[in-house]
Amino acid sequence: MQTVRLVKPDRGWKDAYLSFYEEWKQSQEHMVPWVISIEPYDFEGMLTFLSNQENGINLSEGWVKSSTYWLMDADNQVLGAVNIRHNLNEHLLNARGHIGYGIRPSARGNRYAVTMLALALEKAKELGISRALVVCDSDNISSKRTILRNGGTPDKDYIEEDGNRVNRFWIEL
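Residues numbered from 1 in each chain as written. Predicted model: local features only at pLDDT ≥ 70, side-chain atom pairs only at ≥ 80, totals over all residues. Heavy atoms only, no water.

Engineer: Just checking my understanding: could you explain helix H4 (residues 112-126) for this structure?
Structural biologist: The end-to-end C-alpha separation of H4 is 21 Å, in line with the 21 Å expected for 15 residues at 1.5 Å each. Three or more residues of H4 are buried, namely Tyr112, Ala113, Val114, Met116, Leu117, Ala120, Leu121 and Ala124. Just downstream of H4 lies glycine 128, where phi reads positive at about 95 degrees. (Helix = DSSP H or I, 4+ residues; strand = E, 2+ residues; numbered from the N terminus. Expected span 1.5 Å × (residues − 1). Buried < 20%, exposed > 50% of the residue type's maximum accessible area, 1.4 Å probe, protein only.)

Written out as structure tokens, the structure is:
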């Protein structure tokens, strides 16, 4: 596996990010984490939104601060994205956790998610999070393995209103 790193979203990575976004859109899969569903065609506007999220500026009702990073390879291609919520409200405690992450379809199967989550946990620790909640849908076996490989300890599942079962895991930092 290539060397990878987490980077803050930046205008210098615009073309790489647009490639990542377009691939995901063409796959017609649900976009995870939620921040990648923001259309990036106003790239500067998207960067401002992400910065505001991190700094707690103009947060929507019930939202918490969050930091977004992109997983980049040695060729400066965006392989994935991760969003780290700085604290939890009731909804996040039940069904979303501290960290949401996703790997672009063409880069899956290379253990990038395991590495990205490990790097994200380091960032979460820097934010003062001592115990991170990471969740996945019960049918997402790959994500469950990723969380367990990063030290996840299972907690009580949460059942959403639509009947979806969310597996919840705590990771000590």
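From this point, things continue past the structure.
Engineer: Looking at this model, I keep getting lost on helix H1 (residues 14-27). Mind explaining?
Structural biologist: One turn of an α-helix holds 3.6 residues; hence residues three or four places apart share an orientation. Between its terminal C-alpha atoms H1 stretches 20 Å, which fits the 20 Å expected from 14 residues at 1.5 Å a residue. Listing the buried residues of H1 in full gives Ala16, Tyr17, Leu18, Phe20, Tyr21, Glu23 and Trp24. Those residues of H1 hidden inside the fold are in contact with helix H2 (43-55), strand E2 (66-73), strand E3 (78-85) and strand E4 (99-103). Glutamine 28 occupies a position one or two residues after H1 and carries a positive phi of about 60 degrees. (Contact = heavy atoms within 4.5 Å.)

Engineer: Help me out: how do you make sense of a negative patch on the surface in this one?
Structural biologist: A contiguous patch of negative charge, built from Asp137, Asp139, Glu161 and Asp162, is present on the exposed surface. Residue position: aspartate 139 is located in the loop between strand E5 (131-137) and helix H5 (141-149). (Patch = residues over 30% accessible without salt bridge, like charges linked within 9 Å, V, L, I, M, F, W, Y side chains within 5 Å. Areas by Shrake-Rupley, 256 points an atom, 1.4 Å probe, with all protein chains shown as cover. Salt bridge = Lys/Arg side-chain N within 4 Å of Asp/Glu carboxyl O. Lys, Arg positive; Asp, Glu negative; His and termini not counted. Charge placed at Lys NZ, Arg CZ, Asp CG, Glu CD.)

Engineer: Looking at this model, I keep getting lost on the nonpolar core. Mind explaining?
Structural biologist: For soluble globular proteins, the rule of thumb is that nonpolar side chains tend to be buried together. If you look at the biggest cluster of nonpolar residues, it comprises 25 residues, and the most contacted ones within it are Leu71, Val82, Ile84, Ile99, Tyr101 and Ile147. The set of elements that each furnish at least two residues to this core consists of strand E1 (4-7), E2, E3, E4, H4, E5 and strand E7 (165-172). When residues in this core are grouped by element, the largest group, seven residues, is from H4. Setting aside residues up to four positions removed in sequence, isoleucine 99 forms contacts with Val82, Asn83, Ile84, Arg85, Leu117, Ala120, Leu121, Ala124, Leu133 and Val134. Among the nonpolar cores identified, the runner-up in size contains 17 residues, and Tyr21, Met31, Leu50 and Ala81 belong to it. (Core = buried A, V, L, I, M, F, W, Y, C linked by side-chain atoms within 4.5 Å.)

Engineer: Sorry if this is basic, but what is going on with unusual backbone geometry here?
Structural biologist: The bulk of non-glycine residues show a negative phi, and the bulk of peptide bonds are trans. Between valine 32 and proline 33 the backbone carries a cis peptide bond, its omega angle lying at 0 degrees. Mapped onto the fold, proline 33 is located in the loop between H1 and H2. Residues other than glycine seldom take positive phi values, yet glutamine 28 does so here, at roughly 60 degrees. Glutamine 28 gets classed as exposed once you look at its relative accessible area, which sits at 73%. Residues other than glycine seldom take positive phi values, yet asparagine 58 does so here, at roughly 55 degrees. With respect to the secondary-structure elements, asparagine 58 resides in the loop between H2 and E2.

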